[in-house]
Each structure stands twice: as C-alpha cells, then as structure tokens.
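# Coordinate inspection notes
Spelled out, the chains give:
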Amino acid sequence: MSDPIIVVGAGPVGLTAALELARRGVPVRIVDRLAEPTTESRAIVVHARSLEMFERLGLVDELIRAGVRTTGMEMHADGEVVARIALDLVDSPFPYSVTVAQTETERILTAALAGHGVTVEREVTLTGLTQDEHGVQAVLEHADGRQEAAGTGWLVGADGGHSRARKLVGSALAGKFKGEKFLMGDVNADHDLDPHSMYTFFSPHDGPLLVFPMEGDRLRLIANIPTDEQRTATREWLQQVVDERAERPIRIRDSRWLTVFEVHHAQVPEYRVGRVLLAGDAAHVHSPAGGQGMNTGIQDAHNLAWKLALVSTGQAGPAVLDSYHAERHPVGAQVIQFAGTLTRVATLANPIAQKLRNKGMHLLTGLAPVRQAMADRTEETAVAYRRSPIVVRGRGGGDLHAGDHLPAAGPELRAALAGAHEHVLLTVAVDGSAPAPVSGMTVRQLLVGAAATAPTGYDAALQDPDGHAAARYGLPNGGRIMVRPDGYVAAIAPLDDDAPLHAYQALLRA
Ligand SMILES: Cc1cc2nc3c(=O)[nH]c(=O)nc-3n(C[C@H](O)[C@H](O)[C@H](O)COP(=O)(O)OP(=O)(O)OC[C@H]3O[C@@H](n4cnc5c(N)ncnc54)[C@H](O)[C@@H]3O)c2cc1C
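Residues numbered from 1 in each chain as written. Predicted model: local features only at pLDDT ≥ 70, side-chain atom pairs only at ≥ 80, totals over all residues. Heavy atoms only, no water.

Here we come to the overall build of the protein. What the protein contains, in helices and strands, is 13 helices and 25 strands. Expressed as lengths along the three principal axes of its C-alpha atoms, the size of the protein is roughly 70 × 60 × 35 Å. In the protein, which comprises 510 residues, the share counted as buried stands at 56%. The contacts in the protein between residues at least 6 apart in sequence include a share of 68% that link residues at least 24 apart. By element, 52% of the accessible surface of the protein is carried by carbon and sulfur atoms, the whole surface being about 20700 Å². (Helix = DSSP H or I, 4+ residues; strand = E, 2+ residues; numbered from the N terminus. Buried < 20%, exposed > 50% of the residue type's maximum accessible area, 1.4 Å probe, protein only. Contact = heavy atoms within 4.5 Å. Areas by Shrake-Rupley, 256 points an atom, 1.4 Å probe, with all protein chains shown as cover.)

When cut into domains, the protein gives domain 1 (5–44 + 101–173 + 268–346), domain 2 (175–264) and domain 3 (411–509). One C-alpha centre belongs to domain 2, the other to domain 3, and the line joining them spans 48 Å. (Domains from an automatic or database assignment.)

All right, on to the sheet that holds strand β7 (residues 97–99) then. One open sheet holds the three strands; their spatial order is β3-β7-β4, and the pairing between them is antiparallel. Every other strand in the sheet has two partners, leaving β3 (45–46) and β4 (68–70) as the edge strands with one partner each. Direction of pairing for β4 relative to β7: antiparallel, over a ladder of three bridges. By the bridge assignment for β7, V68 is matched with T99. (Pairing = 2+ DSSP bridges.)

A few words now on the side chain of T378. Position of T378 relative to the elements: it lies in helix α10 (residues 368–379). With sequence-adjacent residues up to four places away left out, T378 is seen in contact with H47, M73, L87 and Q292.

Turning our attention to the sheet that holds strand β21 (residues 424–428). Taken in spatial order, the five strands make up an open sheet running β23-β22-β21-β24-β25, and their pairing is mixed. Two strands bound the open sheet, and with one partner strand each, they are β23 (460–462) and β25 (489–493). Taking the axes of each pair of neighbouring strands and ignoring which way they run, one obtains an average angle of 20° across the sheet. Relative to β25, helix α13 (residues 499–509) is tilted by about 150°, and along the sheet it contacts β21, β24 (479–483) and β25. (Axes fitted to C-alpha atoms, helices over the stretch in contact; angles between N-to-C directions.)

Packing of helix α2 (residues 48–56) against helix α7 (residues 293–312) leaves a shortest axis separation of 10 Å and a crossing angle of 40°. Classified by the angle between their axes, α2 and α7 sit oblique to one another. Our pair here, α2 against α7, has a crossing hand that is left-handed. Between α2, through R49, S50, M53, F54 and R56, and α7, the contact on the second element is made entirely by N295, I298, Q299 and H302. Taken together, the residues of the contact of α2 with α7 sort by class into three nonpolar, four polar and two charged. (Parallel < 35°, antiparallel > 145°, perpendicular 65-115°, else oblique. Left-handed = near helix turned anticlockwise from the far one by under 90°. Nonpolar A, V, L, I, M, F, W, Y, C, P; charged D, E, K, R; others polar.)

Surrounding the ligand, one finds 30 residues, the nearest of these being D32, Q102, L126, D281 and G293. A total of 1000 Å² of accessible area belongs to the ligand in isolation, and the protein chains cover 87% of it. Where the shell around the ligand is concerned, the elements lending two or more residues are α1 (12–22), β9 (124–131), β17 (250–267) and α7. If you tally residues by element for the shell around the ligand, the top one is β9, at three residues. Among the residues making up the shell around the ligand, the classes are represented as 14 nonpolar, nine polar and seven charged. (Near = heavy atom within 4 Å.)

On to the packing of aromatic side chains, then. Here the structure, examined in full by the defined rule, presents five aromatic pairs. Ring centres 4.5 Å apart and planes at 40° place the aromatic pair Y385 and Y488 in the tilted group. In this pair, Y385 sits in the loop between α10 and α11 (411–417) while Y488 sits in the loop between β24 and β25, placing the two residues 103 residues apart along the sequence. The exposure class assigned to Y385 is buried, which follows from its relative accessible area of 4%. Over the ring of W237 we find R231, and its NZ or CZ is 4.2 Å from the ring centre. Between R377 and the ring centre of F338, over which it is positioned, the NZ or CZ distance is 5.0 Å. (Phe/Tyr/Trp six-rings, centres within 6.5 Å; stacked < 30°, edge-to-face > 60°. Lys NZ or Arg CZ within 6 Å of the ring centre and 35° of its normal.)

Here the structure, examined in full by the defined rule, presents 28 salt bridges. D300 is paired through a salt bridge with R328; the nearest N and O atoms lie 2.8 Å apart. In this pair, D300 is assigned in helix α7 and R328 in helix α8 (residues 322–346), connecting sequence segments 28 residues apart. Each member of the pair, D300 as well as R328, is classed as buried. One salt-bridge network, in which partners are shared between bridges, spans D186, E215, R218 and R220. (Salt bridge = Lys/Arg side-chain N within 4 Å of Asp/Glu carboxyl O.)

Looking now at the pairing of strand β16 (residues 218–225). The side chains of a regular strand alternate, residue by residue, between the two faces of the sheet. Extensive coverage of β16 is indicated by the burial of eight of its eight residues. Here β16 shows no split at all, with R218, R220, I222 and N224 on one side and L219, L221, A223 and I225 on the other all buried. By the bridge criterion, five bridges tie strand β15 (residues 209–213) to β16 in an arrangement that is antiparallel. Bridged to L209 within β16 is A223.

This part is about the environment of R49. Position of R49 among the secondary structure elements: in helix α2. A C-alpha to C-alpha distance of 9.9 Å links R49 and V90, two positions 41 residues apart in sequence. For R49, the contacting residues outside a window of four places in its chain are Q299, E379, E380, T381, V383, H405 and Y488. In terms of polar contacts, R49 uses its side chain to reach the side chain of E52, at 2.6 Å. Separated by 3.3 Å, the side chain of R49 and the backbone oxygen of T381 make a polar contact. (Polar contact = N/O pair within 3.5 Å; in protein donor to acceptor, adjacent residues only side chain to side chain.)

Moving on: the pairing of β25. The element β25 is extensively covered by neighbouring structure, given that five of its five residues are classed as buried. Between β24 and β25, which follow one another and run antiparallel, lie five residues, and G487 among them has a positive phi close to 90°.

Here we take up the environment of A10. The topology assignment puts A10 in the loop between β1 (5–8) and α1. Between the C-alpha atoms of A10 and G179, which are 169 residues apart in sequence, the distance is 26 Å. The contacts of A10, once residues within four sequence positions are left out, are L15, I30, V31, D32, E106, V120 and R122.

Listed below in structure tokens is the structure:
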C-alpha cells in the first residue's frame, strides 16, 4: 500500500480534504500543530453550495440541527431598510445559509473522520518539505521534539493564512496588503432582530456593523474599525460601537469571544506546486465581508479530494490535478474581488457618496435580477466550471451546461446522489423507454424516468413520472449526464452519441 497522503492542518479545510480521502478508502494522515482544536467560533455562516457539499458527505442534517437557518439579508441606512434580499431565490435544495460556529462544523467533520478510522495527529508540526517528481519528503516535528521524516506521494497544505507549506514550496500570497481591521464579538444579547436574517447597518461613522443571529440569543457582531486602532477588544467598546451603528436596540449581556483582527486580500498564484496542493486560507485570504472564507476553502477541499483520490490510486493521470487550480483559482479571485467591493461600498466616508450608495442600493435591489444575482453570489450557487480543462463543453437543450453544478430534480434522484463519492452517469429516459447503459464505463449508472426495476447494466432505476428530470436538464428527447463526485456536470451527451462521455474519460486518463 502507498504512503498515506499527508494533510497539514485540521481546520475546516484540512478536515474536509481528509474526510473526502478517507471515505474513498485512500490512506491519509492529518496533522495539526495545536494540542486541541480551536475554541474560537470564527466562520459562522455555511452557505447553500457548502450545504450541498455536506449532503454529499452525509453530514448536512447534523450541521443544520447544530445551527440556525438564515433565509434573508437586510441592509439598513439612515434609519431605513435600504435593501432586503431573500436567500430562498437560489436554486438549491438548501435555499438558505446555516449560522453555526466553526467549532461545531469542525467537531462534526472530526467525528465523521474518526468514523473512517482517522484521527487528527495533534502537536505535529510541518517544519520541512522537499519534493521531486516521485514524491514529497515532509519533516514533521512532534511534541517531544522528535523530527519525523515522512514520505508521501502528495501533500495538502491546509495550514491556514500563515501556511508553512506555502512558504516551504517557495510560494507566497500576492495581493493587496493594506489591511482591514475588525472588532468582533460573539455575545449573548437582548435584541428584537429576526433570528433568520443577517443584517448590515451602514453607518456614517467608521464603517458598517454586521450582525448575524445565532442559536438562542447569541449574536455575531463584526464592525470595521480604523487600521491604526490599537485598543484590545472589550465588551464596553463593542457596545459603544453597536450603539453608534446599529439602528435596532442590541444590549450585550455577556461576551463569549471578543477579538480585533486584521485581514489582507491576497491569493497564491498557483494552487498546485508539483505534488503539493494548497487549499483554504493557505491559498487565499480576504475580509469576512460576505462570509465566504471558510466556504470557499471547504469547497476547494471538496474539489481537490476526489481528484487526488483518483490520481493516488492510479485511476487518473496527475494532469487532472491541474484542473484543481484551473477551477478553484478563479473562484478564489472572484471571492476576493467581491469581498473587496463589498468593503469599499460599505466603508464610503464621504456623506454624499453614502447617500448615493443608500439610494442606489435601494433602487438596484428593487430589480429582481439584481436580487437574484446577490443571492446567488452570497450563497455561492453561481459557482461553475464551464471552462475547466476536464469538462467536455456542451449542453442539453436548456440552461444546464457541462461544468455547472447538477441541479436537484426530485427527491428520489436527490436521495440517490446524497452521500455519493463516485462518478454517476445518469441516463435520462423519456416516454417509458429504457435506453441501454453505456458500455465500458466503470462508473455508477442510474436510469432516470423509465422502468421500475433496473435493466441489466444499470445500478438502479429511478422513477420520474412527470418527466421532471428531462425538463430540468433540458433533455426533452432524453440524454446522458456524467456527474462528478463533487456534484458538477462533467459531460452531457445525447442518447445516440456517447462520444462526450468517452472524451471525458480520456481527459481523466491524460
Ligand atoms: C477572528 C476570525 C474571524 C473570522 N470570521 C469569519 C467569518 O465570519 N466568515 C468566514 O467565512 N470566515 C471567517 N474567518 C476565516 C475562517 O475562519 C477561515 O477562512 C477558515 O478557518 C479557513 O480554514 P482553513 O482550514 O483553511 O484554515 P484554519 O482554520 O486556519 O486551519 C489551519 C490549521 O492548520 C494548523 N497549522 C498551521 N500551521 C501548521 C503547521 N506548520 N503544521 C501543522 N499544522 C499547522 C493550525 O493549527 C490550524 O488548525 C475568520 C477568521 C478569524 C481569525
């Protein structure tokens, strides 16, 4: 058996990568320099696209139970609601965000990983790394000072914003290093806010206040503060900022976690450096505006892990790993741009510019397409890989393109795909026909919309009496869809032409 893949960092990103490898039976070690998991709640919003990912991991119900559903966003200025965006506009089986402390998200991932026999090796620090075309030599320092030389085929650097893996491969974050500073608190408070809405209070003072209701009377409060601010966080200071900026009464009773932190907007130029793959904060950092940091990171891990599993077991060529960079680097860049735009708009200092912003936002968010775009961007449901080097470009007769995330089409199909960790080839049948399965494919084949029992060659047959799948996927005459293990569409083919499906398999083998 080959040396286990080493995942450095047991934050949400490293845990997701390790879990995705472990549940595919790929040997994996995950190490973290800390003796205990962090107790800081940090990222608290899990967006719709990440919930879809958690459904594939079989963890979504537990995560939803641990948090609060957030179904909308409100923006306040000048004593009025200037914008209200309903998140249920998004096309997802989870048309909402879940507000849950990062500690809970990590706990759920850690327990699932343990269920596959993998425990986080704590007080183990990556201190050295060399690589050649055959493998990686990592130096792992243990709590007793022992230096372990660990050989591995592939190493995932998920060791956060100050990533040692990134430095050791000679990479660096590039971007805007003019910091943004925030005063943040997780508090218990008396308030009359809707527990299912996120709030932004644009303030004429030093910047906005973001408020996220959590379970019970708990609130996450985040306020931009000047970068030259030197004070340490106190409850009194946070209350003062809340009193100045919030347009609703919020009385902090006690604080669970208070901090001041500074962030930059930056990204590494390459997510793959030979046999080292950088993911999460190790690859991109940006402000918490939009709450995209952790979500982007865990989706990096989700995108990477199935490819790494195929490559490390010889089922795909190493070039597939280049598609990790090709697909995820542009997403990281867009998130950084989005967070930067949100920050610039929110921190306008000129009173005339502030008035124009408030009016403009009110007018723009009165337009349905703008509300839709904002909801999609926030929930990350617009993420697609249509230009990916491992997607066979094409589409059916509707909106669905290869590279898009497969939309849900009925509970039976959704249930069949939940928990899947392999490729699935959907054959969508119409008029009760039962097209033959595609031969020569080592993937799970599902027939959708025909016979009650699976004809030979199919793994299962799913009912679709109303032709929902055919309509949803723009396949009025039927067709085939190759769905990747991360839920994205790799190729779409008509029933009488399997060439796109074989072309995809050739891309994987390259
Ligand atoms: C104060 C604060 C507030 C935040 N608020 C939000 C928010 O509201 N919304 C949002 O989306 N994001 C937020 N974030 C960002 C979010 O927490 C990160 O995006 C997320 O944690 C990234 O996960 P990660 O796994 O990439 O890195 P991390 O969570 O940083 O995990 C990296 C892990 O690697 C370990 N490690 C580091 N170096 C080594 C080494 N050499 N060897 C072994 N292990 C190592 C660390 O101990 C750590 O456990 C916040 C961050 C902070 C600090």
